[in-house]
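# Reading the structure
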Amino acid sequence: LDNTEHRDRVYAMVKSERERLAKELRRLGCTVWDSQASFVYFDCGIDPEELFTLMMSRNLRMGAFPHSRISVATPELNDLFLQYLAEFMAARKSGS
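In this report, the structure presented in the accompanying data block is examined. (Residues numbered from 1 in each chain as written. Predicted model: local features only at pLDDT ≥ 70, side-chain atom pairs only at ≥ 80, totals over all residues. Heavy atoms only, no water.)

## So, the overall build of the protein
On a plain count of helices and strands, the protein comes out with three helices and four strands. Each helix and strand of the protein, placed in order from N terminus to C terminus, yields the pattern α-β-β-α-β-β-α. Taking the principal axes of its C-alpha atoms as reference, the protein extends roughly 50 × 25 × 20 Å. When contacts within the protein are restricted to residue pairs at least 6 apart in sequence, long-range pairs at least 24 apart make up 56% of them. Here the protein displays about 6200 Å² of accessible surface, and carbon together with sulfur accounts for 53% of that area. The average position of the 13 basic charges and that of the 14 acidic charges among the side chains of the protein differ by 3 Å. (Helix = DSSP H or I, 4+ residues; strand = E, 2+ residues; numbered from the N terminus. Contact = heavy atoms within 4.5 Å. Areas by Shrake-Rupley, 256 points an atom, 1.4 Å probe, with all protein chains shown as cover. Lys, Arg positive; Asp, Glu negative; His and termini not counted. Charge placed at Lys NZ, Arg CZ, Asp CG, Glu CD.)

Here you go:
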């Protein structure tokens, strides 16, 4: 915490990525709860435990609580998460 430049850079990245994740989750049709933390709770219509298992099958870790929870990560990891989630939701919608 002595390196305020680094701390400020990390805080700014977390805030920016948190806002982007929330926006993209909403665009996918998810219910998203506002957050000021380094994670976002959401409901995408897939059981949180099932979504957890699906994400783990792609080597992405997330939380499964009463609602799904994703921690803010790097832009690249957040992009992968959003891509996989969109795929899972599309497969669910098409019945596959």
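What follows picks up the thread again.
## Points about the sheet that holds strand E4 (residues 68-71)
The strand order across the open sheet formed by four strands is E1-E2-E4-E3, and the pairing between neighbours is antiparallel. The sheet terminates laterally at strand E1 (31-32) and strand E3 (63-64), the two strands that pair on one side only. Across four bridges, the pairing between strand E2 (residues 39-43) and E4 is antiparallel. Residue pairing in the sheet places phenylalanine 39 in a bridge with serine 71 of E4. Its contacts with the sheet put helix H1 (residues 4-27) on E1, E2 and E4, and the angle it makes with E2 is roughly 10 degrees. (Pairing = 2+ DSSP bridges. Axes fitted to C-alpha atoms, helices over the stretch in contact; angles between N-to-C directions.)

## Overview of the nonpolar core
Counting residues in each nonpolar core, the largest one holds 22 residues, and the members touching the most others are Leu25, Phe42, Leu51, Met55, Phe81 and Leu85. For this core, the secondary-structure elements that each account for two or more residues are H1, E2, helix H2 (48-57) and helix H3 (75-94). If we ignore the near neighbours within four places in the chain, the residues touching leucine 25 are Cys30, Val32, Val40, Phe42, Phe81, Leu82 and Leu85. (Core = buried A, V, L, I, M, F, W, Y, C linked by side-chain atoms within 4.5 Å. Buried < 20%, exposed > 50% of the residue type's maximum accessible area, 1.4 Å probe, protein only.)

## Observations regarding the packing of aromatic side chains
As enumerated under the stated definition, the model contains three aromatic pairs in all. Here the aromatic rings of phenylalanine 39 and tyrosine 41 are separated by 5.5 Å at their centres, their planes lie at 85 degrees, and the arrangement is edge-to-face. Owing to a relative accessible area of 29%, tyrosine 41 belongs among the partly exposed residues under this scheme. What links up through ring pairs into an aromatic cluster is the set Phe39, Tyr41 and Phe65. Over the face of the ring belonging to tyrosine 84 we find arginine 58, whose NZ or CZ atom lies 4.6 Å from the ring centre. (Phe/Tyr/Trp six-rings, centres within 6.5 Å; stacked < 30°, edge-to-face > 60°. Lys NZ or Arg CZ within 6 Å of the ring centre and 35° of its normal.)

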